[in-house]
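This is what each chain is made of:
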Amino acid sequence: MVSAPLTQRQLITFADVKRSGEHDLKVVASDISRGEMLVLPDDLDLIDPVDSQNRSLKQLLDTPLTDRDQFGVAEAVRLSMSIPLFFEPGSLGDRKIVDGGILSNFPLWIYDFKPQPSQPAKKCPRWPTFGLRLVEKDNRSRHCVSGPFDILGSMFRTMMVARDRYHLNQANRDRVIEIDVTSAQVTATAFNLSEEKKKQLYHLGYSQTKRFLLETWNWKQHLRDRGFDPADLIV
């Protein structure tokens, strides 16, 4: 699967994204055949524990790869957005893949690294990683659970957000830009937004991000909160 806009920009594979040396892309997917989360393309190098020949996932694809970065960007995104019951699961070899959001719906942790005090020269982030999170005023409200369908729905909802909420509570909320979209009344499965709705979402995101960067966020304080010393930052 290849997206025309990606083709026009010559961004077919993950290798194309990395070509400039300044960009990287990770896509989260859920492997329901093995019951695990995959971060693409990195996890294509993993050895399949049930394969008798100890081959990696990239070697078990319908079209085997010699390098994980040869995997298609559009295919990875298609796998990651396969919302259960809305879209047919995708495939990686004999594995069935669905939306990565059921295991991590806000994977801000992907590009994190922690301070290493044992190293002679401490490694300090050169730039921050920001997360943009769409929220509604009642997104933490109590849900009524009174029957089997309510239980199923609540389990699915918890599965999608609990891990990420725990990580945000434990780590760095100061780098998460929460964009309140209550007034837009848009859901994650609204696939045919009008131009008016798109503009409304754009302006909500722009205004709330601007307010966060100008009034809330502080780079040096962010480093301290994560256990780094701003003096170790090499410019």
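Coordinates for the structure precede this section.
Everything in this summary refers to the structure shown in the same document. (Residues numbered from 1 in each chain as written. Predicted model: local features only at pLDDT ≥ 70, side-chain atom pairs only at ≥ 80, totals over all residues. Heavy atoms only, no water.)

1. Digging into the overall build of the protein chain
Using the following cut-off: Counting from the N terminus, the helices are the DSSP runs of H or I reaching at least four residues and the strands are the DSSP runs of E reaching at least two. We call two residues in contact when some of their heavy atoms are within 4.5 Å. Exposure was quantified through the Shrake-Rupley algorithm and a 1.4 Å probe, taking into account, for residues, occlusion by the shown protein chains and nothing else.
Check the secondary structure of the protein chain and you find six helices and six strands. In sequence order, the protein chain lays out its α and β elements as α-α-β-β-α-β-β-β-α-β-α-α. Partitioning the contacts of the protein chain with sequence separation of at least 6, the portion at a separation of at least 24 is 62%. Of the roughly 15500 Å² that the protein chain leaves accessible, carbon and sulfur atoms contribute 54%.

2. A word on the pattern of salt bridges
The criterion, for reference: Here, a salt bridge means any Lys or Arg side-chain nitrogen found within 4 Å of an Asp or Glu carboxyl oxygen. Buried, partly exposed and exposed residues are distinguished by accessible area as a fraction of the type maximum, computed with a 1.4 Å probe on protein chains only: under 20%, between the cut-offs, and over 50%, respectively.
As enumerated under the stated definition, the model contains 14 salt bridges in all. With a shortest N-O distance of 3.5 Å, aspartate 94 and arginine 34 are connected by a salt bridge. Of this pair, aspartate 94 sits in the loop between strand 3 (90–92) and strand 4 (95–99) while arginine 34 sits in the loop between strand 1 (27–31) and strand 2 (36–40), and the two are 60 residues apart along the sequence. Take aspartate 94: its relative accessible area is 59%, and that puts it in the exposed class. Relative accessible area serves as the criterion here: at 28%, arginine 34 is assigned to the partly exposed category.

3. Details of the side chain of serine 80
Counting through the fold element by element, serine 80 comes out in helix 3 (residues 73–80). Judged by its relative accessible area of 16%, serine 80 is buried. Not counting residues within four places of it along the chain, the set of residues in contact with serine 80 comprises Val27, Val28, Ala29, Val98, Asp99 and Gly100.

4. Re the side chain of aspartate 31
Rules: We define a polar contact as two N or O atoms separated by no more than 3.5 Å, with the added condition that, inside protein, one atom must be a possible hydrogen donor and the other a possible acceptor, whereas residues neighbouring each other in sequence contribute only through side-chain atom pairs.
On the secondary structure map, aspartate 31 appears in strand 1. Aspartate 31 sits in the buried class, given a relative accessible area of 1%. Only 2.9 Å separates the side chain of aspartate 31 from the backbone nitrogen of serine 33, close enough to count as a polar contact.

5. Comments concerning the sheet that holds strand 3
Strand pairing within a sheet occurs via backbone hydrogen bonds; the two strands may be parallel or antiparallel. The cut-off we apply is this: Pairing between strands is defined by DSSP: at least two bridges between them are needed. Structural elements are reduced to axes, namely lines fitted to C-alpha atoms, with helices fitted over the stretch in contact, and the angle between N-to-C directions of any two is expressed from 0 to 180 degrees.
In spatial order, the strands read 2-1-4-3; together these four strands make up an open sheet with antiparallel pairing. Bordering the open sheet on either side are strand 2 and strand 3, each of which pairs with just one other strand. Within the sheet, the average angular offset between the axes of one strand and its neighbour, ignoring direction, is 45°. With three bridges connecting them, strand 1 and strand 4 associate as antiparallel partners. Considered in strand 4, the bridge of serine 30 is made with valine 98.

6. Section: the packing of aromatic side chains
Using the following cut-off: Put simply, two rings from Phe, Tyr or Trp (the six-membered ring, in Trp's case) pair if the centres are within 6.5 Å, and we call them stacked under 30 degrees between planes, edge-to-face over 60, tilted for the rest.
Within the structure shown, the criterion is met by four aromatic pairs. Judged by centre distance (6.3 Å) and plane angle (90°), the rings of phenylalanine 130 and phenylalanine 212 are edge-to-face. A residue pair is termed long-range when its members are at least 10 positions apart, and phenylalanine 130 in the loop between strand 4 and strand 5 (131–135) and phenylalanine 212 in helix 5 (residues 195–215) qualify at 82 residues. Phenylalanine 130 sits in the partly exposed class, given a relative accessible area of 32%. Classification of phenylalanine 212 by relative accessible area gives buried; the value is 10%. Taking the centre distance of 6.4 Å and the plane angle of 20° together, the rings of tyrosine 202 and tyrosine 206 count as stacked.

7. Observations concerning the environment of leucine 60
The residue leucine 60 is located in the loop between strand 2 and helix 3 in this model. Setting aside anything within four residues of it in sequence, one finds leucine 60 in contact with Asp48, Asp51, Arg55 and Gly93.

8. Brief notes about helix 5
Cut-off, in case you're wondering: Helix span, expected: 1.5 Å multiplied by one less than the number of residues in the helix. For this quantity, the arc is that covered by the directions from the helix axis to the C-beta atoms.
If you check helix 5, its first and last C-alpha atoms are 30 Å apart, about what 21 residues at 1.5 Å a residue would give, namely 30 Å. Those residues of helix 5 lying buried are Leu204, Gly205, Gln208, Thr209 and Phe212. Taken around the axis of helix 5, the buried residues stretch over an arc of 115°, which confines them to a single face. Seen from the buried face of helix 5, the exposed residues on the opposite side, beyond 90 degrees, are Glu195, Glu196, Lys199, Tyr202, His203, Leu214 and Glu215.

9. A closer look at a nonpolar patch on the surface
What counts here: Two distance rules govern patches: like charges are joined within 9 Å, and nonpolar side chains (Val, Leu, Ile, Met, Phe, Trp, Tyr) within 5 Å, applied only to residues with over 30% relative accessible area and no salt bridge.
Together, Val77, Met81, Leu85, Phe86, Phe87 and Phe191 give the surface a local cluster of nonpolar side chains, amounting to about 630 Å² of exposed area. Within the fold, phenylalanine 191 resides in the loop between strand 6 (176–180) and helix 5. Judged by relative accessible area, which is 46%, phenylalanine 191 ranks as partly exposed.

10. Describing unusual backbone geometry
That bond from leucine 40 to proline 41 is cis: its omega, 10°, falls within 30 degrees of zero. Phi is positive for glutamine 10, close to 60°, though the residue is something other than glycine. Inspection of the secondary structure assignment puts glutamine 10 in the loop between helix 1 (4–8) and helix 2 (14–18). Judged by its relative accessible area of 56%, glutamine 10 is exposed. Its identity is not glycine, yet glutamine 185 carries a phi of approximately 50°, on the positive side.

So yeah, pure geometry; function would need other evidence.
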